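Spelled out, the chains give:
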Amino acid sequence: SQRTPFKVSLEPGGYLTLHQASLRMIAAHPVLGVGPGRFPREFRRVTTEAERVRIVEKDFPAWDPHSAILGLTAEQGFIGLAAFAWLFHVIFQRLRRIPELELRAGAIAGLAGLLVGGLFVDWIALKGLWLWIGLFVCSPSSAQGNLHRTSL
C-alpha cells in the first residue's frame, strides 16, 4: 500500500513499542550495539507480533526508534553514545568562547534544544546539520574566538 503524506504512521502505543525495542537491543548489546543500520532487522527479532501490530504498515519494518539518542545507543552501544557525548562537549566548549553574549546564549540554547529534542524525535530531517557540526568541530580553535554576528 502507498503511504499518504499526512497519514498517521503509528498506532497508539507505537512509539512506546519502538522505544521498548531499542531498550531491549541496548540490554542485549550494551557496549557495541547491534550495528549501524541494523535496527529494522533487530526490531523484528526483539518484538512480538502483538507489538509489531502497533506499526501501521505491518510489512514495513520499523527503521528507527523515533528517538535519536535511543537509536544511536541501540545501534552503536554505549561506545557510540560516549563518542556522541564527547562531540557535544567539544561543540559546547567552543560555543562558550563566542564573545557576544546574545549570540553565545542563542547558540548554546540551540544546542541544548537539539540534544533534548533528540530524546523524543529522530534527526532524519536534520542530516545537513551534521555537516555543519563536523565542520565546526574540525575548524581551528583560534577561529572560534573570532565569531561575529555578521559571520553567521
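Residues numbered from 1 in each chain as written. Predicted model: local features only at pLDDT ≥ 70, side-chain atom pairs only at ≥ 80, totals over all residues. Heavy atoms only, no water.

Asker: Help me understand the side chain of Arg52, please; the structure alone is not making it clear to me.
Answerer: Summarising the element assignment, Arg52 is placed in helix α3 (residues 49–52). Polar side-chain contacts of Arg52 include one of 2.6 Å to the backbone oxygen of Thr47. Excluding residues within four positions of it along the chain, Arg52 makes contact with Phe43, Arg44 and Thr47. (Helix = DSSP H or I, 4+ residues; strand = E, 2+ residues; numbered from the N terminus. Polar contact = N/O pair within 3.5 Å; in protein donor to acceptor, adjacent residues only side chain to side chain. Contact = heavy atoms within 4.5 Å.)

Asker: Hey, could you run me through the pattern of salt bridges in this one?
Answerer: Side-chain pairing between opposite charges can occur once the charged atoms of the two side chains come close. Taken as a whole and judged by the stated rule, the model has 4 salt bridges. Residue Glu51 is joined to Arg24 by a salt bridge in which the shortest nitrogen-to-oxygen separation is 2.7 Å. With Glu51 in helix α3 and Arg24 in helix α1 (residues 14–28), this pair connects stretches of sequence that are 27 residues apart. For the salt bridge of Glu42 with Arg45, the shortest nitrogen-to-oxygen distance reads 2.7 Å. Of the two residues, Glu42 and Arg45 both sit in helix α2 (residues 39–46), 3 residues apart, roughly one turn of that helix. Residue class for Arg45 comes out exposed when judged on its relative accessible area of 51%. (Salt bridge = Lys/Arg side-chain N within 4 Å of Asp/Glu carboxyl O. Buried < 20%, exposed > 50% of the residue type's maximum accessible area, 1.4 Å probe, protein only.)

Asker: Got a minute to help me understand unusual backbone geometry in this structure?
Answerer: Glycine aside, a negative phi is what most residues show, and trans is what most peptide bonds show. Even without being a glycine, His66 presents a positive backbone phi close to 55°. The topology assignment puts His66 in the loop between α3 and α4 (68–95).

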